[in-house]
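# Topology and contacts: notes
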Amino acid sequence: MQRPLAASLLTALAFALTACSDAPAPAPKDTRAPTVPTGVTATAGSARTVHVMWSATTDDRAVTGYAVYREGRKVKDLPATTLMTDVVGLRPATAYAFTVRARDAAGNVSPPSATVTATTLPAVAEDRTPPTTPTALHVTADGGRAATLRWAPARDDTRVTAYDVYQADTRIHTVPGTATTAHLTGLRPGTAYAFTVRARDAAENSSPDSAPADLTTAPSPGAPPNTAPRDLTATAGKGEITLTWTPPITGAPVTHHELHLNGRFTTTIIWGTTPPPGRATYTFPVQDPPGTRYTVTLRAQLPDGTWSDFSAPRTVVVR
């Protein structure tokens, strides 16, 4: 006996409703904005630029970027990894107001930060003389995630307007020309760093790099100590670069090191016999034109076959 058509349809509908009820519920829509950026500062770097910095914000999922506003008008869009920028094309001797807002992947935007102001420097006659090199740079750890740099002031034929802090040849911080200290945050525990400082004047002339200051941050509780090669130096010669360093103390000879240039693996340095005691030396050829800059790091192969932490980086310029 055939079932009535209406009953069949009702049965199919019941099965469909049961199947739908077993399906996972869609993820709730993200409507929560990131927190407001804090620690915003603005420093005039020249007659036409202002350097803006801020601290990282948080989000219930992830912050994806920041926007910098000048007088309420957006002038920069930046990724979440960037916490500083130069606003350029400004007028000399003019006051400007800046705010920063964070955004997430859903397009939610935080309220604006507190407003900070900076006045660009007066225009000056053509100046091509850079400041002298900052000296006596040293660094002190503030726990495992922060550090304080101090240095002796540079000199300039007009005046020093800013000091730029570099890590691995990348600018990470800027302070006014009247300052001789900088507080760095966002470091990783148990990591080797090398910092340099350059002085800058109102015409955007920058001094040579200071001598580097090395720091290995304290490891996280329970983490093993840093095992990086120490005291790396990099010296450029004609068509070659020579490295010297102290291998980590492992209780056994360290026969293999990896060389990385600009963050990329380049070669493995292997001693076919027992390595010499004390400092190690390695020279390799370069074919890049003079003035090419390299950031050099090393790591060592440990007795258990794993690789050590990376050394503090060194920047070297091809001659």
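All of these numbers come straight from a predicted model, not from anything done at the bench. (Residues numbered from 1 in each chain as written. Predicted model: local features only at pLDDT ≥ 70, side-chain atom pairs only at ≥ 80, totals over all residues. Heavy atoms only, no water.)

Right, let's get into the sheet that holds strand β10 (residues 160–167). On the basis of which strands lie adjacent, the open sheet formed by four strands has the order β11-β10-β13-β14 and antiparallel pairing. The sheet is open, and its two edges are formed by β11 (170–176) and β14 (213–216), each paired on a single side. Ignoring which end each strand starts from, the neighbouring axes of this sheet average 30° apart. (Pairing = 2+ DSSP bridges. Helix = DSSP H or I, 4+ residues; strand = E, 2+ residues; numbered from the N terminus. Axes fitted to C-alpha atoms, helices over the stretch in contact; angles between N-to-C directions.)

With a phi angle near 50°, Glu71 is a residue other than glycine that sits in the positive phi range. Look at Ala168: it is not a glycine, yet its phi comes out positive at around 55°.

Evaluated as defined, the whole model comprises 15 salt bridges. A salt bridge links Arg198 to Asp209, with the nearest nitrogen and oxygen atoms 2.4 Å apart. On the criterion of sequence distance, the pair formed by Arg198 in strand β13 (residues 192–201) and Asp209 in the loop between β13 and β14 is long-range, its members being 11 residues apart. Residues joined by salt bridges that share partners form a network here, namely Asp86, Asp164, Arg171, Arg200 and Glu204. (Salt bridge = Lys/Arg side-chain N within 4 Å of Asp/Glu carboxyl O.)

Within strand β6 (residues 95–104), seven of the 10 residues are buried, which leaves it mostly tucked inside the rest of the structure. Across seven bridges, the pairing between strand β3 (residues 63–70) and β6 is antiparallel. Paired with Gly65 across the two strands is Arg103, which belongs to β6. Taken together, the four bridges between β6 and strand β7 (residues 116–119) define a ladder with antiparallel strand orientation. Pairing of Ala95 across the sheet is with Thr119, part of β7. (Buried < 20%, exposed > 50% of the residue type's maximum accessible area, 1.4 Å probe, protein only.)

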